[in-house]
Amino acid sequence: MVFDWASERPFWMIGCGNMAGAMLTRWLAAGAPANGITVIRPSGVAPAAGVQTLTALPEGPVPRLVLLGIKPQQLDAVAPALAARIGPETVLVSILAGTGCASLRARFPAAGAIVRAMPNTPVALGRGVVALTGDRVDAVTALMRPLGLVEWIDDEEDFHLVAALAGSGPAFVFRMIDALAAGAADLGLAPDQAARLALHMVEGAGALAAGAGESPARLADRVASPGGMTRKGLDVLDADQALARLMRATLDATAARGREMAAAFR
Ligand SMILES: NC(=O)c1ccc[n+]([C@@H]2O[C@H](COP(=O)([O-])OP(=O)(O)OC[C@H]3O[C@@H](n4cnc5c(N)ncnc54)[C@H](OP(=O)(O)O)[C@@H]3O)[C@@H](O)[C@H]2O)c1
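Treat the numbers as computed from the prediction; the structure is a model and nothing was measured. (Residues numbered from 1 in each chain as written. Predicted model: local features only at pLDDT ≥ 70, side-chain atom pairs only at ≥ 80, totals over all residues. Heavy atoms only, no water.)

## Points about helix α7 (residues 191–212)
In this model, α7 (22 residues) spans 31 Å end to end at C-alpha, consistent with the 32 Å of a helix rising 1.5 Å per residue. Note on α7: the residue one or two positions beyond its end, G213, has a positive phi of about 70°. (Helix = DSSP H or I, 4+ residues; strand = E, 2+ residues; numbered from the N terminus. Expected span 1.5 Å × (residues − 1).)

## Details of the site of the ligand
Neighbouring residues of the ligand: 22 residues in total, closest N18, M19, R41, S43 and I70. In the model, an oxygen atom of the ligand is placed 2.5 Å from a nitrogen or oxygen of the S43 side chain. I70 places a main-chain nitrogen or oxygen 2.6 Å from an oxygen atom of the ligand. Considering the ligand on its own, with 900 Å² of exposed area, one finds that the protein chains cover 76% of that surface. Where the shell around the ligand is concerned, the elements lending two or more residues are α1 (18–29) and β6 (113–119). (Near = heavy atom within 4 Å. Polar contact = N/O pair within 3.5 Å; in protein donor to acceptor, adjacent residues only side chain to side chain. Areas by Shrake-Rupley, 256 points an atom, 1.4 Å probe, with all protein chains shown as cover.)

## Regarding the UniProt feature "domain: Pyrroline-5-carboxylate reductase dimerisation" (unreviewed entry) in the chain
In this structure's numbering, the residues bearing the UniProt feature "domain: Pyrroline-5-carboxylate reductase dimerisation" (unreviewed entry) are residues 156–261. Secondary structure across residues 156–261 divides into 81% helix and 0% strand, with the first and last C-alpha atoms of the span separated by 14 Å. (UniProt positions renumbered as here; feature names shortened; annotations may be inferred.)

## Some points on unusual backbone geometry
With omega at 5°, the peptide bond leading from R9 into P10 counts as cis. Counting through the fold element by element, P10 comes out in the segment before β1 (11–14). In the Ramachandran plot, D240 falls in the positive-phi region, its phi being about 55° despite a non-glycine side chain. Along the chain, D240 turns up in the loop between α9 (230–238) and α10 (242–264). Positive phi is not limited to glycine here, since Q241 has a value of about 55°. Inspection of the secondary structure assignment puts Q241 in the loop between α9 and α10.

## Let's talk about a nonpolar patch on the surface
Among the surface-exposed residues, V173, F174 and M176 lie close enough to one another that they form a single nonpolar patch of about 250 Å² accessible area. Along the chain, M176 turns up in helix α6 (residues 169–186). For M176, a relative accessible area of 35% corresponds to the partly exposed category. (Patch = residues over 30% accessible without salt bridge, like charges linked within 9 Å, V, L, I, M, F, W, Y side chains within 5 Å. Salt bridge = Lys/Arg side-chain N within 4 Å of Asp/Glu carboxyl O. Buried < 20%, exposed > 50% of the residue type's maximum accessible area, 1.4 Å probe, protein only.)

## Side note on the sheet that holds strand β7 (residues 128–134)
Here we have eight strands laid out as an open sheet, ordered β3-β2-β1-β4-β5-β6-β7-β8, and mixed in their pairing. Of all strands in the sheet, those with a lone pairing partner are β3 (52–54) and β8 (148–152), marking the two edges. When strand polarity is set aside, the average angle formed by the axes of neighbouring strands in this sheet is 20°. Where strand β2 (residues 37–40) lies against β3, three bridges are found, and the strand directions are parallel. Considered in β3, the bridge of T38 is made with Q52. This element, α1, spans β1, β2, β4 (65–68) and β6 of the sheet and lies at about 150° to β1. Sitting on the sheet, helix α5 (residues 159–167) is in contact with β6 and β7, with an inclination near 40° to β6. (Pairing = 2+ DSSP bridges. Axes fitted to C-alpha atoms, helices over the stretch in contact; angles between N-to-C directions. Contact = heavy atoms within 4.5 Å.)

## Some points on the UniProt feature "binding site: NADP(+)" (unreviewed entry) in the chain
As recorded in UniProt, the sites labelled "binding site: NADP(+)" (unreviewed entry) are I14, G15, C16, G17, N18 and M19. Residue position: C16 is located in the loop between β1 and α1. The class for C16 is buried, based on a relative accessible area of 6%. Look past the residues within four positions of C16 in its chain and what remains in contact with it is G21, L24, V39, R41 and P47. The residue M19 is located in helix α1 in this model. With residues up to four places along the chain from it excluded, the contact list for M19 reads I95, P119, N120, T121 and V123.

## Notes on the nonpolar core
By size, the foremost hydrophobic cluster in this structure holds 35 residues, and its most contacted members are M13, W27, L67 and M144. Here the element with the most residues in this core is α1; it accounts for six residues. Look past the residues within four positions of W27 in its chain and what remains in contact with it is W5, F11, M13, A32, L67, L143, M144, P146 and L147. Grouped together as the second largest cluster of nonpolar side chains are 17 residues, I40, I70, I86 and I114 included. (Core = buried A, V, L, I, M, F, W, Y, C linked by side-chain atoms within 4.5 Å.)

The following block contains the structure:
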């Protein structure tokens, strides 16, 4: 199913910062009509040419689609006025981390459907991940398709972990790129050259893993020539499950904050 930009309007984007802006960038690049989207944000700064950008909700018909792209801390400032404009024909899609469907339903009781989405910033290139939970709306699946991999999550409780892995994940990879470059620089390479090598290596390795049809473990074995040098490095990562434990602890701390936010923004 292809998203029908002509009939799914008005389409309001409430907030259009780093994350919603990345989604908009991709939708426009994939052919969405700029005049089919209205952005509402306090700064009034148009995120792209041709996109109607307002500082307050527009007059006129009830929106078909609302993408909530504000921070969870801003929800209670935004919800009352927005709720008054939403009707049963409205599908509300929220990208707010740690803000459950029940919290959204309590604030937007008239909405026809409520979907939580957890995108990540690589959606700007159409190579992101968008996890979805809540009311299963085919049009939302179609809307998210141009952004990258779309996955529905059955149990909303899993969404904290999904958000940690897919939503926050790019930040962890960016840290790893920096750590690889810093390590090489510390061992003697010129820092700018180390940064270039680390970045392109990760880009190529990710693309290879995505297209290989083989597990990352198998691909790692292919790099580690018997009796060669890579195995010695893998041994450092694998000793006492050092990397696996670090990744687990990273995801655990991230998801725990999601649960904490869910408790705070009930
Ligand atoms: N960043 C990520 O990688 C990521 C990934 C997944 C989910 N998320 C979720 O995405 C949401 C936004 O995060 P972000 O990183 O994009 O934050 P951000 O860059 O700070 O964007 C927040 C947006 O909210 C707008 N805003 C603030 N008050 C508003 C109001 N009263 N009415 C309408 N709009 C208002 C801001 O408008 P102005 O720009 O005009 O000030 C801005 O466009 C969060 O809920 C977060 O959990 C983020």
